[in-house]
Protein chains: 4
Amino acid sequence: MTLKLGVIGTGAIGQEHIRRCNNVLQGAKVVAVSDINTDGARAALQRLNIDAQVYQDGHEVINSPEVDAVLVTSWDPTHEEFTLAAIAAGKPVFCEKPLALSAEGCRRIVDAEIKHGKRLVQVGFMRPYDAGYRALKKVITDGEIGEPLMLHCAHRNQSVGENYTTDMAITNTLIHELDVLRWLTEDDYKSVQVVFPRTTSKSHAKLKDPQIVLFETQKGIRIDVEIFVNCAYGYDIQCEVVGEEGIAKLPEPSAIQTRKNARLGNALLTDWKDRFIDAYDVELQAFINDVKAGELTGPSAWDGFAASVAADACLKAQNSGGIEPVDMPSRPDFYAR
Amino acid sequence: MTLKLGVIGTGAIGQEHIRRCNNVLQGAKVVAVSDINTDGARAALQRLNIDAQVYQDGHEVINSPEVDAVLVTSWDPTHEEFTLAAIAAGKPVFCEKPLALSAEGCRRIVDAEIKHGKRLVQVGFMRPYDAGYRALKKVITDGEIGEPLMLHCAHRNQSVGENYTTDMAITNTLIHELDVLRWLTEDDYKSVQVVFPRTTSKSHAKLKDPQIVLFETQKGIRIDVEIFVNCAYGYDIQCEVVGEEGIAKLPEPSAIQTRKNARLGNALLTDWKDRFIDAYDVELQAFINDVKAGELTGPSAWDGFAASVAADACLKAQNSGGIEPVDMPSRPDFYAR
Amino acid sequence: MTLKLGVIGTGAIGQEHIRRCNNVLQGAKVVAVSDINTDGARAALQRLNIDAQVYQDGHEVINSPEVDAVLVTSWDPTHEEFTLAAIAAGKPVFCEKPLALSAEGCRRIVDAEIKHGKRLVQVGFMRPYDAGYRALKKVITDGEIGEPLMLHCAHRNQSVGENYTTDMAITNTLIHELDVLRWLTEDDYKSVQVVFPRTTSKSHAKLKDPQIVLFETQKGIRIDVEIFVNCAYGYDIQCEVVGEEGIAKLPEPSAIQTRKNARLGNALLTDWKDRFIDAYDVELQAFINDVKAGELTGPSAWDGFAASVAADACLKAQNSGGIEPVDMPSRPDFYAR
Amino acid sequence: MTLKLGVIGTGAIGQEHIRRCNNVLQGAKVVAVSDINTDGARAALQRLNIDAQVYQDGHEVINSPEVDAVLVTSWDPTHEEFTLAAIAAGKPVFCEKPLALSAEGCRRIVDAEIKHGKRLVQVGFMRPYDAGYRALKKVITDGEIGEPLMLHCAHRNQSVGENYTTDMAITNTLIHELDVLRWLTEDDYKSVQVVFPRTTSKSHAKLKDPQIVLFETQKGIRIDVEIFVNCAYGYDIQCEVVGEEGIAKLPEPSAIQTRKNARLGNALLTDWKDRFIDAYDVELQAFINDVKAGELTGPSAWDGFAASVAADACLKAQNSGGIEPVDMPSRPDFYAR
C-alpha cells in the first residue's frame, strides 16, 4: 500500500521532503501540495517530475480524501494551525520544527492529540535518526560508560547573517540539542543558565556570539552546550558523554584523511545541510513506516512541547544572567517513553 | 514504472537482495524467484512477506514475460549460464560475483553482450558504491594528491574455516580488491607477484596465511595488498593511495570513540557483512535506476572479465613464486570508461 | 660552574628532585639536604648514591655557605617559612606547590621578594614546561586560531582515597589548571562559579565528585574545567582553546596504537606521575640555568599568589553555589609578563 | 667522574654532538676536537663557548692521554680508519653512521673489536633510542600482538637535491630502517627485492623515486619499506607491525590538533632533523653511561656490519630486479643479543 502524502509548503525544505518521499524512500508518494505561491509550487513539481494536485491553502491538502498523511513544511507561524487541523481531520502529520511558535502553542497540540486518543504527530527533529547519535545512545543504554554524569556539547556554524540575533541561538540553533539531549539522556531539564564569553569580532551588534548554555537535568546530569555561530572554521557538532565508568563521543563525520602540504588531517563540513543529510531520509521513512504500521514512535508533540519550554527558559536565562528553572510538567502516560 | 525483477537463487545473498529490492529500494519489486529448493524459496518469500512466482529453474525466471530484469544469486557454477541466457533474452542482469568460474567464461559473456549491441550486465562488485571508496576516488580525480604512484592495501578477516584454502584468498577475498583498485586507479594490472610471510599458527595445513600480493599496473603504479584471513583481531579493509603530492586513505568505519578501562579507542568490525552493508543498497538501486534510464553504468562484464584474468595471474603467481604477467586484452570501445 | 643545591624535605618528591638534579640534569649537584627524619634522609641519599650534608632543620640548609640555591619540598605548612628564609638569605629558591597555605602567606612572600629587589622564587608549577602545553601556547601566540574566547578543560583521576575531600579538588587538583590557564591565556580570573553534577557512586560521603568550575577572565574568556577524581577510566588532562578563527587542543600523550580484540586504540595513563614526568626535568633545569644566568623566568611568587587567590574564590564558590569574584590586585611591575 | 671526550670532525653533526655532550647531557665533557679545518673547529668551539684542545688530525685526539672516549663525526670515508685506531688505542668509540664504507670495512672493525676482547664500538643508529620505537618494541616483546608476521614501513622526505642518486635511497635513507627493523624484530634479513613504481615527476634523471624494498627475514617475516624522498608533503616515518594477534603502529610525532579553515588536523614535520631529535640525546647519554659502567649495550659494530651487508644486497637488487640473498654470517657469541 502506497501512503499518499500531502505537503503543505513547497519552499526549500518542502521540496527536499517531496523529493525524498517520491524518489528515494519506500512506500509513499506525494499526491497533493500547497503553497501560497502556487506558481512556485507547480514549478517545483515540474522540476521534480512529480504529478500532484496543487492547492493554495494547506487546509485543502489536509481535507483532501486523497491524502492519507500530511507534511507541514510551511512558514513557521502556520505550523500550529496546520498541525491542529490535521489532528482534527484524524490524519498523521509530520511537522517540521518548530511545532509551534510558543510552548503554549505546543501545549495546544499536545492537548488536541491526547483528546484525539492516539498519536498523530511526529516533529521534524532529525538528530535521533542520525547514525552517530544512535550509536552513541546505544553505548549509553548498553551500560558501557555507566550512568551519565555530564555532557559536553558544541554547535558551531561558520557564519550567520545580519538578521541572526542573540535569541536565535536558542530558537533556531540550540533547539536541536534541546531535543536530542533529552532523547540521549532520557531525562528532562531542570534549570538553565546562559553565560557569554567575550563576543567574537566576527559577530554584529545584535548578536552576542558565542554563548554557553548550562543545564542541570532532573537526574542531576550537568550539560554544557557551546553555541558559536560565527566560528569561522566550519560546521561542527560535538557531543561527549561522561559517565561513571568512562566517556563516549559522537563520531566526526566520515572523511578522507590526507597527508599534504605538511599537514595530516581531513576536511570538515561547512554546510549545515550536509551534517545530518542521511537523518532526514531516515526520519521520513520512519514516519511513513510508522503510519503504515499504525503507531508513531518518533519525536512526539510532547517532545516538541518540552523543547519549547526549555527554549523559553534559555531565552529568559540569556537576559537574566541567572539560573532559570525549566518548568516542565510531568510526562503524561499518553507519551510514556 | 516499477521494474519487475526476477531473482535466481534464494540462498542467503538472494534473500538479502530480495529484501532490499522489495522493502528498501525504490522503483522495483520482485515478481519471480527460482531455486533448486523451491520449498526453501517459498519459505523465504513467506518470511519476507513477498508475493512472487516460484520456479525451480532459473531459465523460467529469465523467460517469464513478467520479468523485466534478472538478479543472479545462485550457486557460482551457474552464473555464466544464467547471465548468457539473460543476454540472449535481451534482459538486464545483475550477476553476483563471480561473473563466471573462469576468464574464458567471462569472455563468453563479454562477447555475447557486445554481440547483443548494448550493455545488459552489471557485476555485483559493491565497493565502487561504498561512500568511503567514492570519497577516496574523488580526492584522487580532483587532483588533491597528484598522480597516484603506489597503493598500500589490506584485506583482513578474523578467521576462516577448514575449507578455506590458499587459492581462495585470491578467488574469494582479493577478488574485490581486483575490481575496486582498477576502478580507483582507472588502470589495468600488468604483472603480479605473491609473497608469503611465515604462516600464522592460527591457520591450517591447506592455507598459507597471510599472503602479500604485489601488482604493477600499466601506468606503472605499484600496489601491495596484504591478505590475512586469520588476523584474529577483526574485519578490516585498508587502502592508502600515495600520490606525487600527498597521500589519501580510505576512512575507518564510523564508530563511537570511548575512554574506558585505561584505553582510548573504538570497536572494530568483526563481521564482513557489516563493512559494506550500505553499498549493497546503493549498487542495486543504481542497477534499478540505470535499467529504467536505459543505460547501465556499474561494474561491467568487462570488469568481471578483467578481475578474472587478474585472479588467474595471481593464482599462477602463488604457485610459481615469480612475477606473472597479467595478459589483459585492450579494452573494447564498447566498454569505454 | 656547578650550582650547589640544598634540598629541604626528603620525602617522595624531594628524593625525585634530588635524583633529577644530581643524575639527570646539567650544571648542579645536591650538597645538602634536610628532613625532620634524618635517618630517612641518609637512607635516601644512600639509595641515590649521593654524598651530601644531612641536617634536621631546613634553616641550616638555607644558611649553609655551601648552598647556592634551595629546593623546598617539605611538608606543605612549612613552605612559606622556608621560602621567606631563603629570600632573607638572598638565595634563589624553588618551592614546590603550594607556595604557602593561604593567599596571605603567598602575599608575604611576594612582598619579601619585591623588598629584596630581585626575583628569587620559582614555584613548582610544571605544566608550563610540558611540551604539549608549550606547543599549544605557541599556536595561540602565533595567532593561528585568533583571539581565545573559550577554554574547555578537564582534569580526571582514576580514583582517590577516603581522605580526599571536596575542597581538595580545588587545592590539590585544580591548582595546576589555576596556574597554567593564566599562563596559557596571559590573563587573570575575574569570577568563578562551581556547579555539581550528580555525584558518582564511586565517590564517598565527604567528596562531591565530579565538579565543574566555571571562570570568566578579565579579558572575557570563559573557561570550564571538569574535575573528576574518581573517573574510573584513567588519568586524563584535556585542554581545548576555542578562538575566533579556530580551535586548538592539547595533544594526547604519545602511545602505541593497536588493533586487537576487535578494538582500535591505545592505552591511557593511569598514574598521574607519568603525565608530566618530563616537565619536572625541564622546570628544574630551567631553574638551574636561570639561577646561573642571574634571572629567574619561571612561575613566580606572584603566580603562586594568583593561584592561591583564585583557589580561595573557588572554595567560596563551592559553598555558595553563586558566582564569586576573584579579587586579584593588579600585577606589580616587578612581575611584568 | 666526568668522561673526557674527543670529537673527530667538527662539521654540523660534530658540533651538535659537542653541544649535547657539554651542555645537555650528564657526566661528560669535550676536552679535544679535530678537524681538517682547524679554524672552523676553533670557531665552532667559540660559538659553543667550550674550552678544548684543537687538533688537525683525528689520530691526535685518539692518542691524547686526556681523552677517555672518542666520537667519530668526520667525513664518511674516514670512519673506518678512526674507529680502528680507537680500538687499537683501547678506547670506546661512538662512530656516526656509516661505520665504514663497505661491509668489508665493517668486518674489519668487527674483527678488531673481537680481537681486542671487549666491545668498544657504538654505531650512531639513533632510532632504537626513540621513545616511539622503544614503546613499539615493548608492545611486541610483551606479546601484545603475538608473533610478528609482516612489517609495513615508509621513509619519506619532502625533497632531495640533484646530487641524491638512486643508490643513496639505500645507503643514506634506508640504512636507518636496516638497523632498527633488525632491532625491532630481533631477526636478520634473508633476502631482498627492490621494485620501482613509476617515478615521480618531481625527481630527476639520476634518481628513481619512489622505491619499495621488500625483505624476507630468517624467521620468515615479510617487510616492505617504501622510500620516497621527493614525497612533497613532509618528513614522515611509518612503521606498522602485523602480528598473529593484532597490529601495532609507531606513533605519529606529537602535534597540536586544530580545527581551522574547514580542516581538522595537525602539522607534519618537514625537517628530518626534528624527527628523532630526542633520540640523539638519549643515544649519547647511553654511550656515556655505558662507558662509565664498563659495558657498551647500544648498536654494535656487528649491527653496523649487518646493516652494511643488507645495504649491499639492496643495491644489488636495485640493479638486478630480482630477489637477492642477504649473505649474513651467523652472529658471533661476542655479540650475543
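Everything numeric here is computed off the predicted structure, so don't read it as measured data.

S.K.: Which residues make up the domain arrangement of chain A, and what values go with them?
M.R.: Interface size, as often reported, equals the accessible area lost upon joining of the parts. Residues and elements named next belong to chain A. Split into domains, chain A comes out as domain 1 (3-125 + 278-299) and domain 2 (128-271 + 307-335). Between domain 1 and domain 2, the residue contacts involve 19 residues of the former and 15 residues of the latter. With both chains or domains summed, domain 1 and domain 2 bury close to 1300 Å², and 71% of this area falls on carbon and sulfur atoms. Across the domain 1-domain 2 interface, the total number found is 0 salt bridges. Applying the counting criterion to the domain 1 and domain 2 interface returns 2 residue pairs in polar contact (both at pLDDT 80 or more). For the side of domain 1 that touches domain 2, the elements supplying multiple residues, two or more each, are α5 (103-116) and α9 (277-293). Counting residues per element, the side of domain 1 that touches domain 2 draws most heavily on α5, at 6 residues. Tallied by class, the residues present in the side of domain 1 that touches domain 2 amount to 9 nonpolar, 4 polar and 6 charged.

S.K.: Before we move on, can you summarise the environment of C:Val282 with the specific residues and values?
M.R.: Structurally, the position occupied by C:Val282 is in helix α9 (residues 277-293). Residues C:Val282 and C:Arg127, 155 residues apart in the sequence, show an inter-C-alpha distance of 10.0 Å.

S.K.: Account for the state of the cysteines, with residues named and values stated.
M.R.: Residues and elements named next belong to chain D. Scanning the model with the defined rule gives 0 disulfides over all chains in all. With no disulfide of its own, Cys21 lies closest to Cys95 among cysteine sulfurs, the gap being 15 Å. For Cys231, which is in no disulfide, the shortest distance to another cysteine sulfur is to Cys153 and amounts to 16 Å. Its relative accessible area of 0% is what places Cys231 among the buried residues.

S.K.: Could you give me a rundown of the nonpolar core, with the residues and numbers involved?
M.R.: Residues and elements named next belong to chain C. Leu178, Leu181, Phe215 and Cys239 are the most contacted members of the largest nonpolar core, which totals 82 residues. The element that contributes the greatest number of residues to this core is helix α10 (residues 301-320), accounting for 11 residues. When residues of this core are assigned to domains, at least three map to each of domain 1 (3-125 + 278-299) and domain 2 (128-271 + 307-335). The contacts of Leu181, once residues within four sequence positions are left out, are Leu151, Cys153, Tyr189, Ile223, Val225 and Cys239.

S.K.: How would you summarise the sheet that holds strand β3 (residues 53-55) of chain C if you had to cite specific residues and measurements?
M.R.: Residue and element names in this part refer to chain C. Across the sheet, 6 strands lie side by side as β3-β2-β1-β4-β5-β6; this open sheet has parallel pairing. Strands at the two margins of the open sheet, each flanked by one partner only, are β3 and β6 (121-123). With direction set aside, neighbouring strand axes in the sheet form an average angle of 25°. As defined by bridge partners, strand β2 (residues 28-34) adjoins β3 across 3 bridges and the pair is classed as parallel. What sits directly across from Val33, in β3, is Val54. Strands β2 and β3 of the sheet are contacted by helix α2 (residues 38-47), whose axis makes an angle of about 160° with β3.

S.K.: Can you tell me about the interface of chain C and chain B, naming the residues and giving the values?
M.R.: With 16 residues of chain C at the contact, the number on the chain B side is 16 residues. With both chains or domains summed, chain C and chain B bury close to 1400 Å², and 47% of this area falls on carbon and sulfur atoms. A per-residue breakdown of the area chain C buries against chain B is headed by C:Arg259, C:Ala262 and C:Arg263, which together make up 41% of the total. The interface formed by chain C and chain B includes 4 salt bridges. On the surface where chain C and chain B come into contact, there are 14 residue pairs in polar contact (both at pLDDT 80 or more).

S.K.: Go over the side chain of A:His152 with me, naming the residues and quoting the values.
M.R.: As for its position among the elements, A:His152 is in strand β7 (residues 148-156). In this structure the side chain of A:His152 is engaged in a polar contact, spanning 2.8 Å, whose partner is the side chain of A:Asp224. A distance of 2.5 Å separates the side chain of A:His152 from the side chain of C:Glu226, its partner in a polar contact. Contacts of A:His152, omitting those with residues within four sequence positions, involve A:Asp224, A:Gln238, A:Cys239, A:Glu240, A:Val242, C:Arg156 and C:Glu226.

S.K.: Account for the interface of chain C and chain A, with residues named and values stated.
M.R.: In this assembly, 38 residues from chain C lie in contact with 38 residues from chain A. Carbon and sulfur atoms make up 54% of the area that chain C and chain A hide from each other, which totals about 2800 Å². Taken as a group, C:Arg198, C:Arg222 and C:Glu244 account for 24% of the area that chain C buries against chain A, more than any other trio of residues on that side. The interface formed by chain C and chain A contains 4 salt bridges. Where A:Lys202 meets C:Glu245, a salt bridge forms, and the shortest distance between an N and an O atom there is 3.1 Å. Broken down by secondary-structure element, the contributors of at least two residues to the side of chain C that touches chain A are β7 (148-156), β8 (189-195), β9 (211-217), β10 (222-228), β11 (236-243) and β12 (246-249) of chain C. A total of 5 residues in the side of chain C that touches chain A trace back to one element, the largest contributor, which is β7(C).

S.K.: Could you give an account of the UniProt feature "domain: Gfo/Idh/MocA-like oxidoreductase C-terminal" (unreviewed entry) in chain A, with specific residues and numbers?
M.R.: In this numbering, the UniProt entry assigns the feature "domain: Gfo/Idh/MocA-like oxidoreductase C-terminal" (unreviewed entry) to residues 137-326 of chain A. Taken as a whole, residues 137-326 of chain A contains 34% helix and 28% strand, while its terminal C-alpha atoms sit 24 Å from one another.

Calculation notes
- Residues numbered from 1 in each chain as written.
- Chains lettered and ligands numbered in written order.
- Predicted model: local features only at pLDDT ≥ 70, side-chain atom pairs only at ≥ 80, totals over all residues.
- Heavy atoms only, no water.
- Domains from an automatic or database assignment.
- Contact = heavy atoms within 4.5 Å.
- Buried area = accessible area lost by both parts, 1.4 Å probe.
- Salt bridge = Lys/Arg side-chain N within 4 Å of Asp/Glu carboxyl O.
- Polar contact = N/O pair within 3.5 Å; in protein donor to acceptor, adjacent residues only side chain to side chain.
- Helix = DSSP H or I, 4+ residues; strand = E, 2+ residues; numbered from the N terminus.
- Nonpolar A, V, L, I, M, F, W, Y, C, P; charged D, E, K, R; others polar.
- Disulfide = S-S within 2.5 Å.
- Buried < 20%, exposed > 50% of the residue type's maximum accessible area, 1.4 Å probe, protein only.
- Core = buried A, V, L, I, M, F, W, Y, C linked by side-chain atoms within 4.5 Å.
- Pairing = 2+ DSSP bridges.
- Axes fitted to C-alpha atoms, helices over the stretch in contact; angles between N-to-C directions.
- UniProt positions renumbered as here; feature names shortened; annotations may be inferred.

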